[in-house]
Amino acid sequence: MGGIEEKQPTGSGRPTSRDVARLAGVSHTAVSFVFNGRAEGNLSPATQERIRRAAAELGYRPDPVARGLRRRRTAVIGLVTDEIASSPFAGRLLRGAMETAWDSEHLVLTIDSGGDPAKEDAAVAELLDRRVDGIIYAAMSLRRVRVPEGLHRTHSVLANCLPEDDSLPAVIPAERAGGRTAARLLLDEGHRRVAMVGGQDDIASVDRLRGFRDALRAEGITVPKEWVVRSGGEVTGGYEGALHVLDGVPADRRPTGIFCYNDRVAAGVLHAATRLGIAVPGELSVVGYDDQEHMAEFLTPPLTTVALPHRAMGEAAARLVLDSIDTGRTPPATVRRLACPVISRASVGPAPSR
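Keep in mind the model is a prediction, meaning the values are calculated, not measured. Every chain begins its residue count from 1, and numbering advances along the sequence as written. Given that the model is predicted, a residue must reach a pLDDT of at least 70 before its local features are reported, and side-chain atom pairs must reach 80 or more before they are shown or counted; all residues, however, enter totals for whole chains, interfaces and linings. Just so you know, side-chain values use all the structure's heavy atoms and leave hydrogens and water out.

**Student:** I tried to follow the side chain of Asp207 on my own but got confused; where do I start?
**Tutor:** Here a helix means four or more residues in a row that DSSP labels H or I, a strand means two or more in a row labelled E, and each is numbered from the N terminus. Within the element layout of this structure, Asp207 appears in helix H8 (residues 203–218). A 1.4 Å probe rolled over the protein chains alone gives each residue an accessible area, and that area as a share of the maximum for its type sets the label: buried under 20%, exposed over 50%, partly exposed in between. Judged by relative accessible area, which is 18%, Asp207 ranks as buried.

Structure follows, in structure tokens:
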């Protein structure tokens, strides 16, 4: 009735549940009830509190292996991702997942596949062999992904990516809404001549541009074709794209606002503006995207940007997995889109009065 007893090596000094029972003046079964989640209805609040105080005084922690055997769980969630080591955003997603899991007494075991499909399959198989309670599969850039087969054998959720076969639930940024948000930052300051620089034909680029155009269309504004410059996602692309729309163009005919695909592109735009003698934000407002750590706030001027919700994605994905574990039900294969918040700094100002 009391569950599995923790076996301690002789002389280990680690307190056991029987030590807690003796100090609290209760039965060993009562201690088991408290730490197995069965105290409600079996023990009074006062008794529960006395047991927890005794455990804290002794420094007692339940044996996770024994507890896992009782619950037929390991209290571990696997997280497989493609590029933890190289992505500036990986830490945020990982922290969100790990802290959410920790709050539910789970640990997160992380494996970086380097984007190799064979390694992904092997990583998932290894996690399943270790009997993890569920798996989060995360990508560090939004894209459609091949789903490792093993993910269908446990409670699994995708983070920052979409399954090619639409077979699993996914948590991703609301990129189209983020594009609308970026446009509104400029529109609300009176800008009507606005351009977009950077990006390619990936999901994020397409959705951000759609949202950007949605907001402008609602104001009766059409972006000239030559003011949408697909120049990639790096600083050089931003620099070259900005020159394309600004260099040699009279002040009353060039854009007064530029929405950039990401913060690296925005850094290139700011560099081009400096070279051309265009003041930011006095003559040109610049909006970035991502809120890249150690970069956006240190540009000159500090960059107003739309942040990707990496931490929130980690939290939401972990919560979906934990809820699925608790209920024993697989969540529907739906897509949850999380808002991209604005980080206001100094690169956006009122439109010039000309």
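**Student:** Hey, could you run me through the state of the cysteines in this one?
**Tutor:** Here is the idea: a disulfide is a covalent bond, and it sits between the sulfur atoms of two cysteines. The disulfide definition used here is simple: a pair of cysteine sulfur atoms within 2.5 Å. By the definition in use, this model includes zero disulfides. Cys340 takes part in no disulfide bond, and the closest cysteine sulfur to it belongs to Cys161, at a distance of 15 Å. You can call Cys340 buried: its relative accessible area is 8%.

**Student:** Is there a simple way to explain the pairing of strand S8 (residues 194–197) in this structure?
**Tutor:** Sheet faces and side chains relate simply in a regular strand, where the side chains alternate between the two faces. Going residue by residue along S8, you find Val194 and Met196 tucked away on one face and Ala195 and Val197 tucked away on the opposite face as well. Here, strands pair whenever DSSP counts at least two bridges between them. As paired strands, S8 and strand S10 (residues 257–260) are joined by four bridges and run parallel to one another. Counterpart to Val197 in the pairing with S10 is Cys260. Inspection of the sheet shows S8 paired to strand S9 (residues 228–229) by two bridges, in the parallel sense. Each residue of the ladder has a partner; that of Val197, found in S9, is Val229.

**Student:** Looking at this model, I keep getting lost on helix H10 (residues 263–276). Mind explaining?
**Tutor:** Given 3.6 residues per turn, any residue in an α-helix points the same way as the ones three and four places further on. In this scheme, a helix's expected span is set at 1.5 Å multiplied by one less than its residue total. An ideal rise of 1.5 Å per residue puts 20 Å on 14 residues; H10 measures up with 20 Å between its terminal C-alpha atoms. Residues of H10 that are buried: Asp263, Val265, Ala266, Ala267, Gly268, Val269, Leu270, Ala272 and Ala273. Of the surrounding secondary structure, the elements contacted by the buried residues of H10 are S8, helix H9 (235–246), S10, strand S11 (285–290) and strand S12 (304–307). N-cap assignment for H10: the residue whose side-chain oxygen lies 3.1 Å from the backbone N of Arg264 is Asn262. The first or second residue beyond H10 is Gly277, which carries a positive phi of 75°. In what follows, residue pairs with any heavy atoms lying within 4.5 Å of each other are defined as contacts. Polar contact is defined as a pair of N or O atoms within 3.5 Å, subject to the rule that within protein one atom must be able to donate a hydrogen and the other to accept it, and that residues adjacent in sequence are counted only when both atoms are side-chain atoms.

**Student:** In this structure, what is going on with the sheet that holds S11? I would like to understand it.
**Tutor:** To summarise the sheet geometry, strands pair through backbone hydrogen bonds and adopt either a parallel or an antiparallel arrangement. Read across the sheet, six strands follow the order S9-S8-S10-S11-S12-S14 without closing on themselves; strand pairing throughout is mixed. Edge positions in the open sheet fall to S9 and strand S14 (342–343), since each of these has one partner strand only. With two bridges connecting them, S12 and S14 associate as antiparallel partners. Across the sheet, Thr305 pairs through a bridge with Ile343, a residue of S14. Contacting S8, S9, S10 and S11, H8 runs over the sheet at an angle of about 175° to S8. Structural elements are reduced to axes, namely lines fitted to C-alpha atoms, with helices fitted over the stretch in contact, and the angle between N-to-C directions of any two is expressed from 0 to 180 degrees. Each of S8, S9 and S10 touches H9; the most contacted strand, S8, lies at about 150° to it.

**Student:** Before we go on, may I ask you to explain the pattern of salt bridges in this structure?
**Tutor:** Note on pairing: side chains with opposite charge can pair once their charged atoms come close. By definition, a salt bridge exists where a carboxyl oxygen of Asp or Glu is found within 4 Å of a side-chain nitrogen of Lys or Arg. One pass over the full model with this rule turns up 22 salt bridges. A salt bridge links Arg311 to Glu99; the nearest nitrogen and oxygen atoms lie 2.4 Å apart. Pair noted here: Arg311 is in helix H11 (residues 310–327) and Glu99 is in helix H5 (residues 90–103), with a separation of 212 residues, a long-range link. Since its relative accessible area comes to 40%, Glu99 is described here as partly exposed. Here Arg264 makes a salt bridge to Glu234, at a shortest N to O gap of 3.2 Å.

**Student:** I keep staring at unusual backbone geometry and nothing clicks. Help me out?
**Tutor:** Residues other than glycine predominantly adopt negative phi, and peptide bonds predominantly adopt the trans conformation. The amide bond that connects Val280 to the next residue, Pro281, takes the cis arrangement and shows omega of 10°. A cis amide bond links Thr300 to the next residue, Pro301, at an omega of -5°. Its location among the elements puts Pro301 in the loop between S11 and S12. Unusually for a residue other than glycine, Glu105 sits at a positive phi of about 60°. Mapping Glu105 onto the fold places it in the loop between H5 and strand S2 (107–112). In this model, His294 sits at a positive phi of 65°, which is unusual for a non-glycine residue. Among the residues examined, His294 registers a relative accessible area of 70% and is labelled exposed.

**Student:** Whenever I open this one, the packing of aromatic side chains confuses me. Can you help?
**Tutor:** The geometry of an aromatic ring pair is captured by the separation of the ring centres together with the interplanar angle, meaning the angle of the planes. Two rings from Phe, Tyr or Trp (for Trp, the six-membered ring) form a pair when their centres sit within 6.5 Å of each other. Planes less than 30 degrees apart are called stacked, planes more than 60 degrees apart edge-to-face, and all others tilted. A complete count under the given rule lists three aromatic pairs for this structure. Measuring from centroid to centroid gives 5.3 Å for Phe35 and Tyr60, while their planes differ by 70°, and the two rings are edge-to-face. Here Phe35 is found in helix H2 (residues 28–35), whereas its partner Tyr60 is found in the loop between helix H3 (45–58) and helix H4 (64–71), with 25 residues between them in sequence. Judged by its relative accessible area of 9%, Tyr60 is buried. Centroid distance Phe259 to Tyr289: 6.0 Å. Interplanar angle 50°. Geometry classified as tilted. Pair noted here: Phe259 is in strand S10 and Tyr289 is in strand S11, with a separation of 30 residues, a long-range link. According to the relative accessible area criterion, Tyr289 is buried, its value standing at 0%. Clustering of aromatic rings is evident, with ring pairs tying together Phe212, Phe259 and Tyr289.

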